[in-house]
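# A closer look at the structure
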Amino acid sequence: TDAISVRFMEPTGIQIFSPMPSVSAELKVTTVGDLKLGDIIALSDCDSADIMQMTAIQTASSMLQHNAGGALVPGNATQSLQKKYDTDASVMRFVARRYFIGTGAGGGPSLFRLENQDTAAIELITGVENMEILYGEDTLNNDTIAETYVSAAAVTNWDNVVSVRLSLLFRTIEENFSNALDDRTYNMLGDPTTTADDFDPNPNDRYRRRVVTNTIQIRNRSN
């Protein structure tokens, strides 16, 4: 099945308390909040942003360090930021989440989420059997309206992707022990006249299934 990664900046409520004296200075902040060693953060003042990994947290003095090298993964290539940030800059947590279909604790299919550098994925929803994703490309007029929806491999220019169409196939946790077998083919964003993108889960079983589809507009894209 398809999988998808979502990356975004999560507000923390943390601000720069004192202006940075140099581009490589540690960050004096209003509070360290619930930030942890190794967290990847973004420092932004709405004009520019720097992404870095925290290499040390001084709780008593509310200082965040972002040294280069060290044993942390992925680590910082340099300690220097692109500029000295002032008190109008905010600290945000960089979050990366990957969603995919796997085998759940009960032995059936489930939707999982893997977040940042966690080593174990979290089972979110039991009974999700398939996920298919198409990407909407704005190929005309630059009006943020998708003219075509294609797979990731068929996207011609990712800068023109303005929306994502996602389809999930849910199935019941237990089989319905009636005589009615589920021998249908479920259309998962494919052409109804073909079976190229269809999903035929396991004909002649007694699970009950339903397809749910939604299209999400990408708001924070830039041209």
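Below you will find a few notes about this structure. (Residues numbered from 1 in each chain as written. Predicted model: local features only at pLDDT ≥ 70, side-chain atom pairs only at ≥ 80, totals over all residues. Heavy atoms only, no water.)

Two side chains carrying opposite charge are able to pair once their charged atoms lie near each other. Counted under the stated rule, the structure contains eleven salt bridges. In this structure, the salt-bridge partner of Asp 34 is Arg 93, at a minimum N-O distance of 2.8 Å. One end of the pair, Asp 34, is in the loop between β2 (27-28) and β3 (40-44); the other, Arg 93, is in strand β7 (residues 90-103), with 59 residues separating them in the sequence. Here Arg 171 ties to Glu 129 by a salt bridge, and the two come within 3.3 Å at their closest N and O atoms. One end of the pair, Arg 171, is in strand β12 (residues 161-171); the other, Glu 129, is in strand β10 (residues 128-137), with 42 residues separating them in the sequence. Within the structure, one salt-bridge network assembled from shared partners comprises Glu 10, Asp 34, Lys 36, Asp 39 and Arg 93. (Salt bridge = Lys/Arg side-chain N within 4 Å of Asp/Glu carboxyl O. Helix = DSSP H or I, 4+ residues; strand = E, 2+ residues; numbered from the N terminus.)

Right, let's get into unusual backbone geometry. Residues Val 73 and Pro 74 are joined by a peptide bond in cis, for which omega reads 10 degrees. We note that Ser 62 has phi near 55 degrees; this positive angle belongs to a residue other than glycine. The topology assignment puts Ser 62 in the loop between β5 (56-58) and β6 (63-65). Look at Asn 142: it is not a glycine, yet its phi comes out positive at around 55 degrees.

Once that is clear, we can look at the packing of aromatic side chains. Counted by the stated rule, this structure contains two aromatic pairs. Seen in terms of ring centroids, Phe 100 and Phe 112 are 5.7 Å apart; in terms of plane orientation they differ by 10 degrees. Their pairing is stacked. Of this pair, Phe 100 sits in strand β7 while Phe 112 sits in strand β8 (residues 109-115), and the two are twelve residues apart along the sequence. On the basis of relative accessible area, Phe 112 is assigned to the buried category, the value being 10%. (Phe/Tyr/Trp six-rings, centres within 6.5 Å; stacked < 30°, edge-to-face > 60°. Buried < 20%, exposed > 50% of the residue type's maximum accessible area, 1.4 Å probe, protein only.)

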